[in-house]
Amino acid sequence: MPFELISGVIGFILTLLIFSYLIGDNPLFRSAVYIFIGVSSGYAAVVVWHNVLIPKLFLPLASANANQLVFLGVPLILSVSLLAKLSPRISWLGSFAMAMLVGVGAATALSGAVIGTLIPQSRAAMDAFVRPNFLQLVEGVVMLAGTILTLIYFQFSAKRAPDGSVKRNGILEILAWGGRVFIAITFGVLFAGVYMAALTAMLERLSSIINFVKPFLGL
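Trainee: Even after reading the chapter, I still don't get the overall build of the protein, so can you show me in this structure?
Mentor: Looking only at helices and strands, the protein features six helices and two strands. The order of helices and strands in the protein, counted from the N terminus, is α-α-α-α-α-β-β-α. Computed over C-alpha atoms, the radius of gyration of the protein comes to 27 Å, more than 25% over the 17 Å expected from 2.2 N^0.38 for 219 residues, which places it beyond the range of a compact globule. When each of the 219 residues of the protein is scored for burial, the buried share is 14%. In the protein, of all internal contacts separated by at least 6 residues, the share reaching a separation of at least 24 is 31%. Carbon and sulfur atoms form 76% of the exposed surface of the protein, whose accessible area is close to 16800 Å². Across the protein, the 13 positively charged side chains and the 7 negatively charged ones have centroids separated by 10 Å.

The structure is reproduced here in C-alpha cells:
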C-alpha cells in the first residue's frame, strides 16, 4: 500500500507538471522533462550494462582464448575510442568508430526502407491486379497511382528555359502535383494517428488522476 501511494503521488505530481505546459513553457514543465530524460538515460544505461556489456563483452573476455580475444578486442577498442569525442583535442581518435556507426546505420536504414517499405508496397500494388474484383481493382489503381506520383514528385531533373529559368517538364509538374496530394494525405493520416495516441495518453492520465483523488474525497 505505501508503495502504491508513493507511486500514485509521484505520477499525480508529474502529470500536473506536464499539464502546466498548457499555460506556456515554464520551469515546472522543464523539470518534468529533465526528470523524464534523466530516468530514460539511466534506464538505457542499465539495460546496456546488463544486456550488452556484461554478456557480450566482459564474460566472453574472461573465458576467451587468444584468437577470440582478437575479435573481442577490436569492438572494445572502437567503443573506447568513442569516449575521445568528449574532448575536442583528441576527438579525432573516435572519428573512425563514428564513421563506422554512421555508415552501418545509413546502410541499415536504406535497406530497411527498400526491403520493408518500397518492395512490399510495390508487391501489394501488383497483387491487387491479380484476379481482382471491382473494389480491389480500384484500391490497386489508387495504390499504384499514389506510388508512382509520389516517386515522380521527388524527381527533380529540369531543363533551362530560353529566359534562363530552370523548369521541369509540364507533364512532370502536373504529375508531381498529384504526388504532392498523396503526400499531404499521408501526412494528414500520420498526424491524426499521433494526435489520437496523444489524446488516448491524456485521457489515461486524467483517468488515473481521478481514480487517485477519489479515495481522498470519499467517493
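Trainee: Quick question: what am I supposed to make of the side chain of Asn-26 here?
Mentor: Topologically, Asn-26 is positioned in the loop between α1 (2–19) and α2 (27–63). Within the structure, the side chain of Asn-26 is placed 2.6 Å from the backbone oxygen of Gly-24, a separation counted as a polar contact. At a separation of 2.9 Å, a polar atom in the side chain of Asn-26 contacts the main-chain amide nitrogen of Phe-29. If sequence neighbours within four positions are ignored, Asn-26 has contacts with Ser-20 and Tyr-21.

Trainee: So what exactly am I meant to see when it comes to the packing of aromatic side chains here?
Mentor: Where two aromatic rings form a pair, the distance of their centres and the angle of their planes describe that pair. In total, this model carries four aromatic pairs according to the counting rule given. Measuring from ring centre to ring centre gives 5.5 Å for Trp-49 and Phe-58, while their planes differ by 55°; the resulting arrangement is tilted. We classify Trp-49 as partly exposed; its relative accessible area is 39%. Seen in terms of ring centroids, Tyr-153 and Phe-154 are 5.1 Å apart; in terms of plane orientation they differ by 85°. Their pairing is edge-to-face. On the basis of relative accessible area, Tyr-153 is assigned to the partly exposed category, the value being 24%.

Trainee: What exactly am I supposed to notice about helix α3 (residues 66–82) here?
Mentor: Structural remark: α-helix, 3.6 residues per turn; residues separated by three or four positions point the same way. Across its 17 residues, α3 extends 25 Å between first and last C-alpha, which sits within 8% of the 24 Å expected from 1.5 Å per residue. In α3, a bend of some 25° at Leu-72 exceeds every other bend along the element, and Pro-75, a proline, comes one to four places later. Taken together, the buried positions of α3 are Leu-72, Gly-73 and Ser-81. Packed against the buried residues of α3 are α2 and α4 (95–127).

Trainee: It is not clear to me how the pattern of salt bridges should be interpreted in this structure. Could you clarify?
Mentor: Oppositely charged side chains can form a pair if their charged atoms are brought close together. Tallied over the entire structure, the rule returns one salt bridge. Of the charged contacts in the structure, one is a salt bridge between Asp-25 and Arg-30, with a shortest N-O distance of 3.4 Å. Overall, Asp-25 belongs to the exposed group, its relative accessible area being 52%. With relative accessibility at 32%, the residue Arg-30 sits in the partly exposed group.

Trainee: I keep staring at the packing of α3 against α4 and nothing clicks. Help me out?
Mentor: Relative placement of two packed helices is described by the angle separating their axes and the distance separating the axes. In contact at an axis separation of 8 Å, α3 and α4 are set at 105° when each is read in the N-to-C sense. For the element pair α3 / α4, the angle class is roughly perpendicular. Contacts from Leu-78, Ser-81 and Leu-82 in α3 reach Phe-96, Ala-97, Met-98, Met-100 and Leu-101 in α4. Broken down by class, the residue content of the contact of α3 with α4 amounts to seven nonpolar, one polar and no charged.

Trainee: Teacher, can you tell me more about the side chain of Ser-20 here?
Mentor: Position of Ser-20 among the secondary structure elements: in the loop between α1 and α2. Reaching out from Ser-20, the side chain makes a polar contact with the backbone oxygen of Leu-17 at a distance of 2.4 Å. Setting aside chain neighbours within four positions, we find Ser-20 in contact with Asn-26, Leu-28 and Phe-29.

The rules behind the values
Residues numbered from 1 in each chain as written. Predicted model: local features only at pLDDT ≥ 70, side-chain atom pairs only at ≥ 80, totals over all residues. Heavy atoms only, no water. Helix = DSSP H or I, 4+ residues; strand = E, 2+ residues; numbered from the N terminus. Rg over C-alpha atoms; globule rule 2.2 N^0.38 Å. Buried < 20%, exposed > 50% of the residue type's maximum accessible area, 1.4 Å probe, protein only. Contact = heavy atoms within 4.5 Å. Areas by Shrake-Rupley, 256 points an atom, 1.4 Å probe, with all protein chains shown as cover. Lys, Arg positive; Asp, Glu negative; His and termini not counted. Charge placed at Lys NZ, Arg CZ, Asp CG, Glu CD. Polar contact = N/O pair within 3.5 Å; in protein donor to acceptor, adjacent residues only side chain to side chain. Phe/Tyr/Trp six-rings, centres within 6.5 Å; stacked < 30°, edge-to-face > 60°. Expected span 1.5 Å × (residues − 1). Bend = angle between axes of the 7 residues up to and from the residue. Salt bridge = Lys/Arg side-chain N within 4 Å of Asp/Glu carboxyl O. Axes fitted to C-alpha atoms, helices over the stretch in contact; angles between N-to-C directions. Parallel < 35°, antiparallel > 145°, perpendicular 65-115°, else oblique. Nonpolar A, V, L, I, M, F, W, Y, C, P; charged D, E, K, R; others polar.

The quantities given are spatial measurements derived from coordinates; they are silent on function.
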